[in-house]
Amino acid sequence: MKRTQKQPQRRLATVLEAILYLKGQALSLSQLADCAGCDRPQVQEALLELMDDYARRDSALEIVELKGQYSLQLRESFQDVMLDLVPAELGVGAQRTLAAIAIKQPLLQSDLVELRGSGAYQQVKDLMELGLVRRRKSPDGRSYELRLTDKFHQYFQLQGTVQSLDIIAKG
């Protein structure tokens, strides 16, 4: 017989904070409601409470809403700290390749090589070793589909639009 302990009562705002942290990516109200096991109005109210909590305290983190999705991310004023922690081996070429994947994902590796040149093969390998990109065989089996990983989203919580990535990719 399995012994269960009664869980302490938790604020929904705190539960949402944990969900956003663990997921490491932006989530819609519906996704948050599903994860928390409650309805959207409750999530919306708890998110406002959580956003207010972060706004009032001296924290490096914040809850941001962009296009109907919410994420827990590093405040912009701490971007220099994040940049210091991003792997130094991520050169300009790899950054541009990563931006191209982010903009166009899922992106066929063959299309990426056409866009970025043959150096993209090594850059994809390096990005996979860093855990920022994953690949799988495409449905036709002729190339690989490239996608971003959760680790990418944890490193690069982007507030800007895809246009800012496009600028990086074109360099």
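What counts, and where the lines are drawn
- Residues numbered from 1 in each chain as written.
- Predicted model: local features only at pLDDT ≥ 70, side-chain atom pairs only at ≥ 80, totals over all residues.
- Heavy atoms only, no water.
- Pairing = 2+ DSSP bridges.
- Helix = DSSP H or I, 4+ residues; strand = E, 2+ residues; numbered from the N terminus.
- Contact = heavy atoms within 4.5 Å.
- Axes fitted to C-alpha atoms, helices over the stretch in contact; angles between N-to-C directions.
- Parallel < 35°, antiparallel > 145°, perpendicular 65-115°, else oblique.
- Nonpolar A, V, L, I, M, F, W, Y, C, P; charged D, E, K, R; others polar.

Peer 1: Please clarify how the sheet that holds strand 6 (residues 144-148) should be interpreted in this entry.
Peer 2: Sheet strands pair by backbone hydrogen bonding; their relative direction is either parallel or antiparallel. Spatial ordering of the open sheet is given by 4-6-5, a layout of three strands whose pairing is antiparallel. Strands with a single pairing partner mark the edges of an open sheet, and in this sheet they are strand 4 (107-108) and strand 5 (133-137). Bridging between strand 5 and strand 6 involves five bridges; their strand directions are antiparallel. Bridge assignment links Arg136 to a residue of strand 6, and that residue is Glu145.

Peer 1: How do you make sense of the environment of Gly131 when you look at a structure like this?
Peer 2: Tracing the backbone through its elements, the reader meets Gly131 in the loop between helix 7 (120-129) and strand 5. Taking the C-alpha atoms as reference points, Gly131 and Lys151, separated by 20 residues in sequence, lie 6.4 Å from one another. If we skip the residues at most four places from it in the chain, Gly131 touches Thr149, Lys151 and Phe152.

Peer 1: Explanation requested: the packing of helix 2 (residues 29-36) against helix 3 (residues 40-56) in the structure shown.
Peer 2: A pair of packed helices is characterised by two quantities: the angle between their axes and the separation of those axes. Where helix 2 contacts helix 3, the axes come no closer than 9 Å and their chain directions differ by 100°. The orientation of helix 2 relative to helix 3 falls into the category roughly perpendicular. Every residue of helix 3 that contacts helix 2 at Leu29, Ser30, Leu32 and Ala33 is listed here: Arg40, Val43, Gln44 and Leu47. Of the residues that constitute the contact of helix 2 with helix 3, the class distribution is five nonpolar, two polar and one charged.

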